[in-house]
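Remarks on the overall topology
Next come the chains, spelled out residue by residue.
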Amino acid sequence: MIRGTVIAFQRYNLFDLTSTPFVGLENFRAVLAEERFWTALRNTGTWVVVSLFFQFVLGFGLALLLRRHFRGRGLYQAWVFFPWAMSGFLIGLLWRWMFNGQFGVLNDLLLKTGLIDQRIGFLATPGWAMTSVIVANIWYGVTFFAIMIMAALQSVPKELYEAAAVDGAARLRQFWHVTLPHIRPTLALIVLLRIIWILNFPDLIYSMTGGGPAGGTDIITTFLIQQVIGGDYGRAGAVGLLILGLLLAFSVFYLNATRFEKAR
């Protein structure tokens, strides 16, 4: 981290390591002057917010369902948790094949069901490409929320539900007044962790689209990777520090907004 910070203030190009002078804020100015950086930043907001919303809602729903005892529950749990055991890059390759405009299974299914009359270039059109990578990310991240929320739900004392039932509280009121207050600190923490991880998760996008087409799926971390591949470690270091500063500022704001310390 210290070395990366130093490089951010140097002209450090992989193709000319004979001269690596300190250049102050030059790398930061160069990065902030690039339109592609701001496009990546806007895409990052969409990528994080939409992915997080659906991952949380679907993960919460799955956790509530899997908490109940039913036949084959262990098999369903294993199936739900399966994506979390795979690497993000491999998941990206799998979804890339599924969304392929020529031989992808998704196009094939849509054609056979009559929902479309010609193949869609999911990964070749900016709007469709961003939707596609978000869908893949939602599928991957639902598991995290399902695991963590199910563990939190199991920590709620049964006596609280019994007391609420004696007081005449229906299941919905028990959920709002017993379940949610008890697991709120866990929810606050896992949402923060997931935001950080989604923002720092270029693997899936890079293996599906490489940030294309025309930067349509670039997020700030894929933009950083492109600086590294281009050999400009100085700019890459600057982007890394900008990401770190952004996440630190957001984390402080989030923990204060959710009153995490009081909740814990």
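So, how was this worked out
Residues numbered from 1 in each chain as written. Predicted model: local features only at pLDDT ≥ 70, side-chain atom pairs only at ≥ 80, totals over all residues. Heavy atoms only, no water. UniProt positions renumbered as here; feature names shortened; annotations may be inferred. Helix = DSSP H or I, 4+ residues; strand = E, 2+ residues; numbered from the N terminus. Phe/Tyr/Trp six-rings, centres within 6.5 Å; stacked < 30°, edge-to-face > 60°. Buried < 20%, exposed > 50% of the residue type's maximum accessible area, 1.4 Å probe, protein only. Axes fitted to C-alpha atoms, helices over the stretch in contact; angles between N-to-C directions. Parallel < 35°, antiparallel > 145°, perpendicular 65-115°, else oblique. Left-handed = near helix turned anticlockwise from the far one by under 90°. Nonpolar A, V, L, I, M, F, W, Y, C, P; charged D, E, K, R; others polar. Salt bridge = Lys/Arg side-chain N within 4 Å of Asp/Glu carboxyl O.

Residues annotated in UniProt with the feature "transmembrane region" (unreviewed entry) correspond here to residues 46-66, 78-98, 128-153, 181-199 and 236-255. Within residues 46-66, the helical portion is 100% and the strand portion 0%, while the C-alpha atoms at the span's ends are 30 Å from each other. Along residues 78-98, the helical share is 71% and the strand share 0%, with 23 Å between the first and last C-alpha atoms.

Taken from the UniProt record, the annotation "domain: ABC transmembrane type-1" (unreviewed entry) applies to residues 41-254. For residues 41-254, helix accounts for 75% and strand for 0%, while the C-alpha atoms at its two ends are 19 Å apart.

Bringing the packing of aromatic side chains into the picture now. Scanning the model with the defined rule gives 17 aromatic pairs in all. Judged by centre distance (5.1 Å) and plane angle (90°), the rings of F122 and W128 are edge-to-face. Judged by relative accessible area, W128 falls into the partly exposed class, the value being 40%. Ring geometry for F175 against W176: centres 5.7 Å apart, planes inclined by 80°, an arrangement best described as edge-to-face. What links up through ring pairs into an aromatic cluster is the set F56, F60, F144, F145, F175, W176 and W197.

To continue, consider the packing of helix α3 (residues 35-67) against helix α7 (residues 126-154). Closest axis-to-axis distance for the α3/α7 pair is 6 Å, and the angle between their directions is 40°. By the angle class used here, α3 and α7 are oblique. By crossing handedness, the relation of α3 to α7 is classed as right-handed. Of the residues assigned to the contact of α3 with α7, the class counts are 21 nonpolar, seven polar and one charged.

One pass over the full model with this rule turns up six salt bridges. For E35, the salt bridge goes to R42, with nearest N and O atoms at 3.3 Å. Of the charged contacts, one joins D108 and K112 as a salt bridge, the two residues approaching to 3.2 Å between their closest N and O atoms. In this pair, D108 and K112 are both assigned in helix α6 (residues 105-112), four residues apart and thus about one turn of the helix distant. Connected via shared salt-bridge partners are E34, D232 and R235.

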